[in-house]
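Here are the chains, one letter per residue:
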Amino acid sequence: MTQIAFGLDAEASQELNPDIWNIFDYCNYNDVTPNVTVADINEQTAEKLVSKCGAIAVSYYGLIDKNRCYDSVNLLINKAKEINKKIAINIHCLLSQETYDSVFELLNDVYNDKRLKNLNAIVFLSLKQKGRGTNFNKLSDEQFKKIIDTCFEKQISFGMDSCSCPKFFNAIENRRDKNRLKTYCESCESCLYSMYIDANGMFYPCSFMEKEGDWKNGI
């Protein structure tokens, strides 16, 4: 095992888990890289995350909260510069009908907002209609392709979760470099390169299979 992607609250608060920094230190001591996703952090938290993590993603919730996202990205980038550490600072962006317009706002801001100047990449997350995503609706293949085409056109670095790969393969079908691009993708990595373990130590192939179908109970 080389990495653990920890599920934290938006602020990486010690109030919810007072051992968070000790856990990260223990990972680093054992040559396991902790990675996290946050949404709205302060300067002190940014400094700790940068010093202990290998990659940090900041969630983008659209136009309403975009400044919280961009400010957090900027804090992380500046802290990484201060300690001269090479670390990937990304933005996680949910793709859905409800967030579609705001995705293009984000792509535009990557060019125009100084806070995002040294952003590593935008990571697109496909909609899973579970939990908070129950009332959201999935993008069509055409809408997904428009987002991908815009990234290529504007030369914006991007990535995606494995669940997005089928749509990505369709989106690049007419590109000359499609075979090369496909080598960067894995359509599903559950139990191949990753696994999900909940806070009670129960194993599931991925977080979205938790308590679903044959996985009513974890291992």
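Residue numbers run consecutively from 1 along every chain, following the written order of its sequence. Per-residue local features of the predicted model are confined to residues with pLDDT of at least 70, and side-chain atom pairs are confined, for both listing and counting, to 80 or more; whole-chain, interface and lining totals are unaffected and use all residues. With hydrogens and water stripped out, all remaining heavy atoms of the structure feed into the side-chain values.

### What about the confidence of the model for the protein chain?
- Predicted confidence across the protein chain gives a mean pLDDT of 93, with 99% of residues reaching 70 or more.
- Confidence scores here are pLDDT values: one per residue, from the predictor, ranging 0 to 100. By definition, any uninterrupted DSSP run of H or I lasting at least four residues is a helix, any uninterrupted run of E lasting at least two residues is a strand, and each is numbered from the N terminus. For the protein chain, the element scoring lowest by mean pLDDT is strand β1 (residues 3–7), at 93; helix α5 (residues 141–154) scores highest, at 97.

### Digging into the pattern of salt bridges
- Note on definitions: salt bridges are taken to be side-chain nitrogens of Lys or Arg within 4 Å of carboxyl oxygens of Asp or Glu. One pass over the structure, following the stated rule, counts 14 salt bridges.
- Linking arginine 115 and aspartate 71 is a salt bridge whose minimum nitrogen-to-oxygen distance equals 2.7 Å. With arginine 115 in the loop between α4 (100–112) and β5 (121–126) and aspartate 71 in helix α3 (residues 66–82), the pair connects residues that are 44 residues apart, well separated along the chain.
- Through salt bridges with shared partners, one network takes in Glu43, Lys79 and Glu82.

### Re the sheet that holds strand β2 (residues 33–38)
- Strand order in this open sheet of six strands is β1-β2-β3-β4-β5-β6, and the pairing throughout is parallel. One side of each edge strand has no neighbouring strand; the edge strands of this open sheet are β1 and β6 (158–160). Across this sheet, the average inter-strand angle for adjacent strands is 25°, counted without regard to direction.
- Two strands form a pair only when DSSP identifies at least two bridges running between them. Summarising the sheet, strand β4 (residues 88–95) and β5 pair through six bridges and their orientation is parallel. Bridge pairing in β5 links leucine 94 to leucine 125. Note on method: axes are straight lines fitted to C-alpha atoms, helices fitted across the in-contact stretch only, with angles between N-to-C directions ranging 0 to 180 degrees.

### Some details on the pairing of β1
- Pairing between β1 and β2: five bridges, direction parallel. Pairing of glycine 7 across the sheet is with threonine 37, part of β2.
- Once you follow β1 into helix α1 (residues 20–29) and on to β2, the crossover reads as right-handed. By definition, the crossover connecting two strands over a helix is right-handed if that path, from the first strand to the second, turns clockwise as seen with the strands pointing away from the viewer.

### Let's talk about the packing of helix α2 (residues 43–52) against α3
- With their axes 9 Å apart at the nearest point, α2 and α3 run at an angle of 55° to one another. On the basis of their axis angle, the class for α2 and α3 is oblique. Like other packed secondary-structure pairs, α2 and α3 cross with a definite hand, here right-handed. Residues Glu43, Ala46, Glu47, Leu49 and Val50 of α2 touch α3, and the partners they reach there are Leu75, Leu76, Lys79 and Ala80.
- Per-class residue counts for the contact of α2 with α3 are six nonpolar, no polar and three charged. Any angle that falls under 35 degrees is termed roughly parallel, while one over 145 is termed roughly antiparallel, one within 65 to 115 roughly perpendicular, and all others oblique. By convention, the crossing between two helices is left-handed when the near helix turns anticlockwise from the far helix through less than a right angle, and right-handed when the turn is clockwise. When checking whether two residues touch, look at their non-hydrogen atoms; a contact exists if any pair is within 4.5 Å. Put simply, Ala, Val, Leu, Ile, Met, Phe, Trp, Tyr, Cys and Pro go in the nonpolar bin, Asp, Glu, Lys and Arg in the charged bin, and everything else, Gly too, in the polar bin.

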